[in-house]
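What follows is each chain in one-letter form.
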Amino acid sequence: MQTPAHADGPRGTFALRSPVRPNPIALATVLITGIDGAVVEIDAIDAFDGTPLLDIKPWIETVDVPPGWHPET
């Protein structure tokens, strides 16, 4: 269990985006470019082609905005 600053109480580790995890699963913010059945296509990421996608979380701007990122105008 962890208590993130953006939540109103504790949450399970696997429900969070926290890098503090008991397993070596990578976390990344990506742009979904397409979905074809069970195949989710994403923009560039540091992973091998065909790497399994284990979880998708929705974009929460107050939590997920990378440092220095600015929306396109």
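Residues take numbers from 1 onward in each chain, read along the sequence in its written order. For this predicted model, a pLDDT threshold of at least 70 governs which residues receive local features, and a threshold of 80 or more governs which side-chain atom pairs are given and counted, while totals over whole chains, interfaces and linings are taken from all residues. Side-chain metrics rest on all non-hydrogen atoms present in the structure, leaving aside hydrogens and water.

Caption draft 1: A look at the overall build of the protein chain. Put simply, DSSP H or I for four residues or longer makes a helix, DSSP E for two residues or longer makes a strand, and each gets a number counted from the N terminus. A count of helical and extended segments in the protein chain gives one helix and two strands. Along the protein chain, helices and strands appear, N-terminal first, in the series β-β-α. For the protein chain, the spread of C-alpha atoms along the three principal axes comes to 35 × 35 × 20 Å. Expressed as a percentage of its 73 residues, the buried residues of the protein chain come to 12%. Only the protein chains shown count as cover for residues, with accessible areas throughout obtained via the Shrake-Rupley method and a probe of 1.4 Å. Accessible area of the protein chain: about 6,300 Å², with a carbon and sulfur share of 59%. Per-residue accessibility, obtained with a 1.4 Å probe over protein chains only, is compared with the maximum for each type, and a residue is labelled buried under 20%, exposed over 50%, and partly exposed between these values.

Caption draft 2: Structural view of a nonpolar patch on the surface. Any residue with relative accessible area above 30% and no salt bridge may belong to a patch, with like charges joined within 9 Å and the nonpolar Val, Leu, Ile, Met, Phe, Trp and Tyr side chains within 5 Å. Any Lys or Arg side-chain nitrogen found within 4 Å of a carboxyl oxygen on Asp or Glu counts as a salt bridge. Residues V30, I32, I35, I42, I45, L53 and I56 make up a contiguous nonpolar surface patch of about 610 Å² in total accessible area. Considering the arrangement of structural elements, one finds L53 in the loop between β2 (39-42) and α1 (61-64). The class of L53 is exposed, set by a relative accessible area of 52%.

Caption draft 3: Representation of the pattern of salt bridges in the model. Tallied over the entire structure, the rule returns one salt bridge. When the shortest N-O distance is used, the salt bridge between D8 and R11 registers 2.9 Å. Given a relative accessible area of 75%, D8 falls into the exposed group.

Caption draft 4: Focus on the environment of I42. With respect to the helices, strands and loops of the structure, I42 is situated in strand β2. With a relative accessible area of 36%, I42 lands in the partly exposed category. By the convention used here, residues are in contact when the closest approach between their heavy atoms is within 4.5 Å. In this view, I42 contacts V30, L31, I32 and T33; residues no more than four positions away in its chain are not counted.

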